[in-house]
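Read off the chains here:
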Amino acid sequence: MGKLEGAFFNMNYNKLSADPLAMILGILALVIGIASCCCYGLTAIIPLAMAIIGLVTANKSLREFGENPEAYSPQSRSNVNTAKIINIIAIVINGLIVLMAACVLIFYGTMLSSGMLDEFKDFENDSYYEDDDYYNSEVESDSTDTREDDEYFIEEEMDSVNINEMQ
């Protein structure tokens, strides 16, 4: 019984260094990454970096366990292995979100810049209204008016004088 008792109390296992850290980083990276979809994925870079850090620390701890398995708890190894899987999933999801955000920004940036540049070019060339059918029809209808501009202003002044005299 002394031998068995000594073996039972000699099971002083240590935790791996990344046991809580890698798991926390992986879970936070998943939560923040999924929440960053609401911000068009612009903030997905931060959880991507967190997941990469979590994966590196988990791999480092698993390497430590491989070198000296007697010193560490099997439960701690299981936790770090789970954290490694969560961090890999977080890297994949956040990587896809970052790629989608980059594609959306490139697409809208291209559309915006090409549309805006066309508008600026049209205003610079003063050809913006030349291609407009409404503007051309309005100009043509005004050109059939045979009155001269001076007569029009004189008639307007006379109308305002007549209104003032009536009051």
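As the structure is a prediction and not an experimental result, all values here were calculated from the model.

Could you give me a rundown of the confidence of the model for the protein chain, with the residues and numbers involved?
Per-residue confidence for the protein chain gives a mean pLDDT of 76; residues scoring 70 or more make up 61%. Element-level pLDDT for the protein chain is lowest in helix α1 (residues 2–9), with a mean of 44, against a maximum mean of 93 in helix α3 (residues 45–67). Overall, residues 1–10 carries pLDDT values under 50, and its contacts beyond four positions in sequence, including any with other chains, amount to 0 contacts.

How would you summarise α3 if you had to cite specific residues and measurements?
Across its 23 residues, α3 extends 33 Å between first and last C-alpha, which sits within 8% of the 33 Å expected from 1.5 Å per residue. All of the buried residues in α3 are Pro 47, Leu 48, Met 50, Ala 51, Gly 54, Leu 55, Thr 57, Ala 58, Ser 61, Leu 62 and Phe 65.

How would you explain the packing of aromatic side chains if you had to name every residue and give the values?
Taken as a whole, this structure holds 1 aromatic pair when the rule is applied. Ring centres of Phe 107 and Tyr 108 lie 5.4 Å apart, and the angle between their planes is 65°; this geometry places the pair in the edge-to-face category. Here Phe 107 falls in the partly exposed class, since its relative accessible area comes to 48%. Residue class for Tyr 108 comes out exposed when judged on its relative accessible area of 55%.

Could you give an account of the nonpolar core, with specific residues and numbers?
If you look at the biggest cluster of nonpolar residues, it comprises 9 residues: Leu 16, Ala 18, Ala 22, Ala 58, Leu 62, Phe 65, Tyr 72, Val 80 and Ala 83. A total of 3 residues in this core trace back to one element, the largest contributor, which is α3. Leaving out residues up to four positions away in the same chain, Ala 18 has contacts with Met 23, Thr 57, Ala 58, Ser 61 and Val 80. Within the second largest apolar cluster, 5 residues are counted, among which are Leu 25, Ala 29, Ala 51 and Ala 90.

Talk me through helix α2 (residues 19–35); I want residue IDs and the actual numbers.
Between the first and last C-alpha of α2 there are 25 Å, a value that for 17 residues agrees with the 24 Å anticipated at 1.5 Å per step. Within α2, burial applies to Asp 19, Ala 22, Leu 25, Gly 26, Ala 29 and Gly 33. Take α2 and look down its axis: the buried residues cluster within an arc of 160°, on one side only.

For a nonpolar patch on the surface, give the residues involved together with the corresponding values.
A cluster of nonpolar side chains, namely Ile 34, Ile 85, Ile 89 and Ile 93, defines an oily patch on the protein surface of about 330 Å² accessible area. With 3 residues, helix α4 (residues 74–125) is the single largest residue contributor to the nonpolar patch. One can find Ile 93 in helix α4. Among the residues examined, Ile 93 registers a relative accessible area of 30% and is labelled partly exposed.

Cut-offs used in this document
Residues numbered from 1 in each chain as written. Predicted model: local features only at pLDDT ≥ 70, side-chain atom pairs only at ≥ 80, totals over all residues. Heavy atoms only, no water. pLDDT = per-residue confidence, 0-100. Helix = DSSP H or I, 4+ residues; strand = E, 2+ residues; numbered from the N terminus. Contact = heavy atoms within 4.5 Å. Expected span 1.5 Å × (residues − 1). Buried < 20%, exposed > 50% of the residue type's maximum accessible area, 1.4 Å probe, protein only. Phe/Tyr/Trp six-rings, centres within 6.5 Å; stacked < 30°, edge-to-face > 60°. Core = buried A, V, L, I, M, F, W, Y, C linked by side-chain atoms within 4.5 Å. Arc of directions from axis to C-beta. Patch = residues over 30% accessible without salt bridge, like charges linked within 9 Å, V, L, I, M, F, W, Y side chains within 5 Å. Areas by Shrake-Rupley, 256 points an atom, 1.4 Å probe, with all protein chains shown as cover. Salt bridge = Lys/Arg side-chain N within 4 Å of Asp/Glu carboxyl O.

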